[in-house]
Amino acid sequence: MFLILTALVDQPRHGYGIVQEVGRLSQGRMQLKVGTLYGALDRLTGEGLVTPDRDEVESGRLRRYYRLTDLGAQELAADALRLAENAAVATQRLRTRGVALPGGTGIVGGLA
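Since this is a predicted model, take the numbers as computed values, not measurements. (Residues numbered from 1 in each chain as written. Predicted model: local features only at pLDDT ≥ 70, side-chain atom pairs only at ≥ 80, totals over all residues. Heavy atoms only, no water.)

1. Focus: the nonpolar core
This is how the line gets drawn: Here, the term nonpolar core denotes a set of buried Ala, Val, Leu, Ile, Met, Phe, Trp, Tyr and Cys residues that are joined through side-chain atoms within 4.5 Å. Per-residue accessibility, obtained with a 1.4 Å probe over protein chains only, is compared with the maximum for each type, and a residue is labelled buried under 20%, exposed over 50%, and partly exposed between these values. In this text, helices come from DSSP runs of H or I with a minimum length of four residues, and strands from runs of E with a minimum of two, each type numbered from the N-terminal end. Contact between two residues is taken to exist if any of their heavy atoms lie within 4.5 Å; hydrogens are not considered.
Counting 17 residues, the largest nonpolar core has Ile-4, Leu-5, Ile-18, Leu-37, Leu-41 and Val-50 as the members making the most contacts within it. Of all the elements in the fold, those that place two or more residues in this core are helix 1 (2-7), helix 2 (15-25), helix 3 (34-46) and strand 3 (61-68). The biggest single contributor to this core is helix 3, with four residues. Excluding anything up to four places from it in sequence, Leu-37 contacts Ile-4, Gly-15, Ile-18, Val-19 and Leu-32.

2. A few points about the sheet that holds strand 3
The line we're drawing: By definition, two strands form a pair when at least two bridges between them are found by DSSP.
Spatially, 1-3-2 is the arrangement adopted by the three strands of the open sheet, whose pairing is antiparallel. Looking at which strands have only one partner, the edges of the open sheet turn out to be strand 1 (13-14) and strand 2 (50-58). The pairing of strand 2 with strand 3 spans eight bridges and is antiparallel. Pairing of Asp-55 across the sheet is with Arg-64, part of strand 3.

In structure tokens, the structure reads:
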């Protein structure tokens, strides 16, 4: 859900566009299945976090675009803060244990 909302921050996207953007954002670690995506979009729409933006026909196929709502942006911001705080705690605990952090950046496993 987090990456789906993140994929919609900058612009509305259709389903396949969301799948591609989630893959890019996760550096290929997350490969959304179409069925999973549309189930998540139904849930996010029901919660008022995303809303259909428009429908377009491209090459004879209907594409529904979704956009992030203001409530969705607020929820994403709260989740991002929570994740950053959790990552900071994990990073500090790893330092205390003497685990070398990649690049000396304070980042462990790609999380900040």
